[in-house]
Number of protein chains: 2
Amino acid sequence: MKPNAYKNRLTALRRRMASTAADGWDAAWILQPENRRYLSGFKAEDGHYPESSGSLLISNSRALLITDSRYTLQAQNEAIDFEIKTLRQNLADSMPAWVQEMGIQTLGFEQDYLVWSLHRKLHERLKGLSPPVGLTPLNGVVEEMREVKEPEEIRSLEAAADLISMVMDEIARRLTPGMTEREVAWEIEGLIREGGAEGLSFPPIVASGPNSALPHAVPTDRPIQADEPVILDLGARVQGYCSDMTRTIFTGDPPPWLKTIYRTVRQAQLAALKEVRPMVESAYLDARARDLIQEAGFGDCFGHGLGHGVGLAVHERPRLGPGNSVQLKEGTVFTIEPGIYMPGKGGVRLEEMVLIEATGPRLLTRNKLFYDV
Amino acid sequence: MKPNAYKNRLTALRRRMASTAADGWDAAWILQPENRRYLSGFKAEDGHYPESSGSLLISNSRALLITDSRYTLQAQNEAIDFEIKTLRQNLADSMPAWVQEMGIQTLGFEQDYLVWSLHRKLHERLKGLSPPVGLTPLNGVVEEMREVKEPEEIRSLEAAADLISMVMDEIARRLTPGMTEREVAWEIEGLIREGGAEGLSFPPIVASGPNSALPHAVPTDRPIQADEPVILDLGARVQGYCSDMTRTIFTGDPPPWLKTIYRTVRQAQLAALKEVRPMVESAYLDARARDLIQEAGFGDCFGHGLGHGVGLAVHERPRLGPGNSVQLKEGTVFTIEPGIYMPGKGGVRLEEMVLIEATGPRLLTRNKLFYDV
């Protein structure tokens, strides 16, 4: 990111803070790792939950990054617009002094991320200050900022999508009947690393035969058979940004039922893709794909939503499904991933990453591995 | 695990529920992934937080595993003592009916894991029931059960420690100056997989030269030089259980200052190890190592605790540090990992996994890669 990218994001957050829409908080406390990186540039990841590498305390005039001695140096190097504070005791004991020093009246917190016990402790400490300080939910304000991508973010997403497109081509070449799902998954991980990624967006899904009927299958020791579908759902992280792509591979000539569902899924995907434009309703896109699958007689076999936003997190706003419709904005990046799953038999899912431009959709996944069946 | 292992754990939890010490809850709601696996045998992992694969609702007479359609089949196969319930709507909307049907009066929840927003929603719903149902913190009751390992758990921990011991020997053989930290980390991941592990306990730490002065360094593209320390901190997961082991490797003849701190760290480790026995105080063990490091003049260079429990989670109870002392029980497995870190120069850390037996310590890590310097 350019050095002033983070300054601009802080400014946008502060504008939001000043507006009446901000539900009355005059400072934000950011614990969520992707929000933390988005606002500060601090790249450290959290350990296993709840081992946090730090949090941000942002008021109108100051911005603190609170971390511990393991990460002080890294924070100083990466979060150049922040004052770095190293914890000497636990967070709930240390926060009140900073909150008071900054003159905060009501501190906004991330209600879907802060655990009950830490909220409780901090609430007790803050209400004991003079004057007392309140706590109020932030209601996803940073997540909302992240929904529309900046040009530099789009370049990182493109790089992540390019890398995974190449990995998909290569693994499709290498995949032969007899290899187990786990062996294929391991080769994929190697290709992603060798391709220069920072890491995986998520552990690869390699689901063959009947396992392909499970949308979130975990790779098993099952050897892949000839003439069955193999769902490969892969993602790589580049410069912090994730890619997410799915192809369904045939190791031989698929039986007619499989050709039918493949064709239906692909048509559903194209039907949704065609309608992508600024301000389109997310439920409308979902319905374009879902109606087509329903009309083909597979309505009961598409149990998940059409897609989800992708950015610093592999699953982020917006969610695209039949309910909770939102208007999709220019600059949003999300997946279109219809699927048909026949329990006990097998399934097909195809997933693309798409960017909404002023003129319509632009595919970020440029892999052409689709069958004309 | 033997089929009745989970039955016995449920019985132990229910005994605790019936005792007056239970702070007045008559059912437990378990969201924390390792607690969930410990009590039910359900092996699914959560996605990126907060994408949960399920939770347990346990009263005196019934035990429910609540999951979604992605995991129903797996839950039925693995959690054989539980009734499997598949969510049709969100958790906060679905829970009240089950809670009422089970006749629960006060539901215990995991206060360090449940996020504020879900607690809030559920609290609203439950207090609207007739009669109203209360929510109260469980205060780590399952974590406490997990502290003392059963014989079968110890066998899994041994298997995980054996595997990582072999990986350590092999990577020490392969490691040559010129390789980058990331290359070494990637080879380690390969060896762990090929060794038959389910996965990593955590991403390997490979910290060379000045990076070895950072206790939680992330592998970089820095090529390893001759005559400098390389800290390798590795862990593998086998049958759900984690190993965690650290060695400091020299690629050539270490300079005198490095020999001094290596010798000091090793002596500190042995001093603590010697005192391991049932009912010893955790702070006493920490002090045995810390005092020795202090007396050698490196008191300011050992900034972390002596160690931590290891089991289904790589970091679990008990914590061993200078404060919050606890009596360590027979059957507890934990690490002893003193370190000396010289900022800008380098560091040494050595870590063993040890089991407390009636007669004293038993090392689970059987790797002998220590230098006599």
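Residues numbered from 1 in each chain as written. Chains lettered and ligands numbered in written order. Predicted model: local features only at pLDDT ≥ 70, side-chain atom pairs only at ≥ 80, totals over all residues. Heavy atoms only, no water.

## What about the overall build of chain A?
For step 1, the next point in the chain: Within chain A one finds 10 helices and 19 strands.
For step 2, the next point in the chain: For 373 residues, the compact-globule estimate of 2.2 N^0.38 gives 21 Å, and chain A sits close to it at 23 Å.
For step 3, the next point in the chain: Summarising its shape, the C-alpha atoms of chain A cover approximately 75 × 40 × 35 Å along the three principal directions.
For step 4, the next point in the chain: Taking all 373 residues of chain A together, the buried fraction comes to 57%.
For step 5, the next point in the chain: For chain A, the proportion of contacts with a sequence separation of at least 24, taken over those separated by at least 6, is 68%.
For step 6, the next point in the chain: By element, 51% of the accessible surface of chain A is carried by carbon and sulfur atoms, the whole surface being about 15,100 Å². (Helix = DSSP H or I, 4+ residues; strand = E, 2+ residues; numbered from the N terminus. Rg over C-alpha atoms; globule rule 2.2 N^0.38 Å. Buried < 20%, exposed > 50% of the residue type's maximum accessible area, 1.4 Å probe, protein only. Contact = heavy atoms within 4.5 Å. Areas by Shrake-Rupley, 256 points an atom, 1.4 Å probe, with all protein chains shown as cover.)

## Brief notes about the domain arrangement of chain A
All names here are of chain A.
For step 1, the next point in the chain: As assigned here, chain A comprises domain 1 (3–145) and domain 2 (148–363).
For step 2, the next point in the chain: The C-alpha centroid of domain 2 is placed 34 Å from the C-alpha centroid of domain 1.
For step 3, the next point in the chain: Contacts between domain 1 and domain 2 engage 11 residues on the former and 11 residues on the latter.
For step 4, the next point in the chain: Regarding the contact of domain 1 and domain 2, the summed buried area is about 850 Å², with carbon and sulfur atoms giving 39% of it.
For step 5, the next point in the chain: On the surface where domain 1 and domain 2 come into contact, there are three salt bridges.
For step 6, the next point in the chain: For Glu150, the salt bridge is made with Arg9, and the minimal N-O distance between the two is 2.7 Å.
For step 7, the next point in the chain: Taken together, the links from domain 1 to domain 2 amount to two residue pairs in polar contact (both at pLDDT 80 or more). (Domains from an automatic or database assignment. Buried area = accessible area lost by both parts, 1.4 Å probe. Salt bridge = Lys/Arg side-chain N within 4 Å of Asp/Glu carboxyl O. Polar contact = N/O pair within 3.5 Å; in protein donor to acceptor, adjacent residues only side chain to side chain.)

## A word on the pattern of salt bridges
All names here are of chain A.
For step 1, the next point in the chain: Per the counting criterion, the structure on display carries 60 salt bridges over all chains.
For step 2, the next point in the chain: For Arg9, the salt bridge is made with Glu153, and the minimal N-O distance between the two is 4.0 Å. Of this pair, Arg9 sits in helix H1 (residues 3–18) while Glu153 sits in helix H7 (residues 151–174), placing them 144 residues apart in sequence.
For step 3, the next point in the chain: Note that Arg62 and Glu83 form a salt bridge whose closest N and O atoms lie 2.8 Å from each other. Within this pair, whereas Arg62 is found in the loop between strand E2 (55–59) and strand E3 (63–67), its partner Glu83 is found in strand E4 (residues 83–86), the two being separated by 21 residues in sequence.

## With respect to the pairing of strand E12 (residues 245–250) of chain B
Residues and elements named next belong to chain B.
For step 1, the next point in the chain: Of all six residues making up E12, six are buried, and the element is well covered by its neighbours.
For step 2, the next point in the chain: A two-sided burial pattern is seen for E12, the buried positions comprising Met245, Arg247 and Ile249 on one face and Thr246, Thr248 and Phe250 on the other.
For step 3, the next point in the chain: In this sheet, E12 lies alongside strand E9 (residues 229–234) in antiparallel orientation, the contact comprising six bridges. Within E12, the position partnered with Leu232 by the bridge is Arg247. (Pairing = 2+ DSSP bridges.)

## Some thoughts on the pairing of E3(A)
Residues and elements named next belong to chain A.
For step 1, the next point in the chain: With five of its five residues buried, E3 lies for the most part within the structure.
For step 2, the next point in the chain: In E3, alternate side chains face the same way, and those of Ala63, Leu65 and Thr67 on one face and Leu64 and Ile66 on the other are all buried.
For step 3, the next point in the chain: Two strands pair when backbone bridges link them, and E2 and E3 are joined in this way by four bridges, in the antiparallel orientation. Along E3, the bridge assignment pairs Leu56 with Leu65.
For step 4, the next point in the chain: Joining the antiparallel neighbours E2 and E3 is a turn of three residues.

## Looking at the sheet that holds strand E4 (residues 83–86) of chain B
Residues and elements named next belong to chain B.
For step 1, the next point in the chain: Ordered by their spatial adjacency, six strands build an open sheet running E4-E3-E2-E1-E5-E6, and the pairing between neighbours is mixed. Either end of the sheet is taken by a strand with one partner, and the two such strands are E4 and strand E6 (134–137). Neighbour to neighbour, the strand axes of the sheet diverge by 25° on average, direction disregarded. (Axes fitted to C-alpha atoms, helices over the stretch in contact; angles between N-to-C directions.)

## Description of the interface of chain B and chain A
For step 1, the next point in the chain: Each partner contributes residues to the interface: chain B has 25 residues there, and chain A has 25 residues.
For step 2, the next point in the chain: Regarding the contact of chain B and chain A, the summed buried area is about 2,600 Å², with carbon and sulfur atoms giving 58% of it.
For step 3, the next point in the chain: At the junction of chain B and chain A, the tally comes to 12 residue pairs in polar contact (both at pLDDT 80 or more).
For step 4, the next point in the chain: Among the elements of the structure, helix H5 (116–127) and helix H8 (181–194) of chain B are those that each provide at least two residues to the side of chain B that touches chain A.
For step 5, the next point in the chain: Here the side of chain B that touches chain A gets six residues from one element, more than from any other, and that element is H8(B).
For step 6, the next point in the chain: Residues that form the side of chain B that touches chain A fall into these classes: nine nonpolar, eight polar and eight charged. (Nonpolar A, V, L, I, M, F, W, Y, C, P; charged D, E, K, R; others polar.)

## Description of helix H10 (residues 282–295) of chain A
All names here are of chain A.
For step 1, the next point in the chain: Taking 1.5 Å of rise per residue, the 14 residues of H10 would be expected to cover 20 Å, and the 20 Å separating its terminal C-alpha atoms lies within 8% of that figure.
For step 2, the next point in the chain: Where H10 is buried, its residues meet helix H9 (256–274), strand E14 (316–320), strand E15 (333–336) and strand E16 (339–342).
For step 3, the next point in the chain: Just beyond H10, the residue with positive phi is Gly297, at close to 95°. (Expected span 1.5 Å × (residues − 1).)

## Side note on the sheet that holds strand E1 (residues 27–30) of chain A
Residues and elements named next belong to chain A.
For step 1, the next point in the chain: The strand order E4-E3-E2-E1-E5-E6 describes an open sheet built from six strands, whose pairing is mixed. Sheet topology places E4 and strand E6 (134–137) at the edges, where each strand pairs with a single neighbour. Taken pair by pair, the neighbouring strands of this sheet meet at an average axis angle of 25°, ignoring direction.
For step 2, the next point in the chain: As defined by bridge partners, E3 adjoins E4 across four bridges and the pair is classed as parallel. Each bridged residue has a counterpart across the sheet, and for Leu64 the counterpart in E4 is Glu83.
For step 3, the next point in the chain: Running over the sheet, H1 touches E1, E2 and E3 and is turned about 55° from E2.

## Regarding the relation of the copies chain B and chain A
For step 1, the next point in the chain: Each copy superposes on the other: chain B lies on chain A with an RMSD of 0.0 Å after a rotation of 180° and an axial shift of 0.0 Å. The superposition of one copy onto the other is thereby described by a two-fold rotation axis. Identified as the residue of chain B closest to the rotation axis by C-alpha distance is Val115(B), at 2.0 Å.
For step 2, the next point in the chain: Both copies contact each other with a shared surface, as 100% of the interface residues of chain B are interface residues in chain A too. (Least-squares fit on C-alpha atoms with pLDDT ≥ 70 in both.)

## Observations regarding the packing of helix H4 (residues 91–101) of chain B against H5(B)
Each pair of packed helices can be summarised by the angle the axes make with each other and by the distance between the axes.
Residues and elements named next belong to chain B.
For step 1, the next point in the chain: Two numbers describe how H4 lies on H5: the axes approach to 9 Å, and their chain directions differ by 40°. As judged from the angle between their axes, H4 and H5 are oblique. For the pair H4 and H5, the crossing hand works out as right-handed. The residues of H5 that touch H4, namely those facing Leu91, Ala92, Asp93, Met95, Pro96 and Val99, are Leu118, Lys121, Leu122, Arg125 and Leu126.
For step 2, the next point in the chain: Its residues placed into classes, the contact of H4 with H5 shows eight nonpolar, no polar and three charged. (Parallel < 35°, antiparallel > 145°, perpendicular 65-115°, else oblique. Left-handed = near helix turned anticlockwise from the far one by under 90°.)

## Considering the layout of surface pockets
Residues and elements named next belong to chain B.
For step 1, the next point in the chain: Roughly 300 Å³ of volume is contained in the second largest pocket.
For step 2, the next point in the chain: Met1, Tyr6, Arg37, Gly41 and Lys43 are the residues nearest the centre of the second largest pocket, which is lined by 17 residues in total.
For step 3, the next point in the chain: The leading source of residues in the lining of the second largest pocket is helix H1 (residues 3–18), at three residues.
For step 4, the next point in the chain: Among the residues forming the lining of the second largest pocket, the class breakdown is seven nonpolar, four polar and six charged.
For step 5, the next point in the chain: Here the lining of the second largest pocket spans two domains, and each of domain 1 (3–145) and domain 2 (148–363) adds at least three residues to it. (1 Å grid on protein atoms, 1.4 Å probe; cavity = no way out; pocket = protein on both sides within 12 Å on 5 of 7 lines; lining within 4 Å. Points joined across faces, edges and corners; volume = space filled by probe spheres on them.)

## Here's the deal with the environment of Ala79(B)
For step 1, the next point in the chain: Tracing the sequence through the fold places Ala79(B) in the loop between helix H3 (72–78) and E4.
For step 2, the next point in the chain: Residues in contact with Ala79(B), not counting those within four places in the same chain, are Ser40(B), Phe42(B), Leu65(B) and Ile84(B).

## Side note on the packing of aromatic side chains
Residue and element names in this part refer to chain A.
For step 1, the next point in the chain: By the definition in use, this model includes 11 aromatic pairs over all chains.
For step 2, the next point in the chain: Chaining the aromatic ring pairs together yields one cluster made of Phe250, Tyr262 and Tyr371.
For step 3, the next point in the chain: Across from the ring centre of Tyr38, 4.1 Å away, lies the NZ or CZ of Arg9, which sits over that ring.
For step 4, the next point in the chain: In this structure, Arg266 is placed above the aromatic ring of Phe370, and the distance from its NZ or CZ to the ring centre is 3.5 Å. (Phe/Tyr/Trp six-rings, centres within 6.5 Å; stacked < 30°, edge-to-face > 60°. Lys NZ or Arg CZ within 6 Å of the ring centre and 35° of its normal.)

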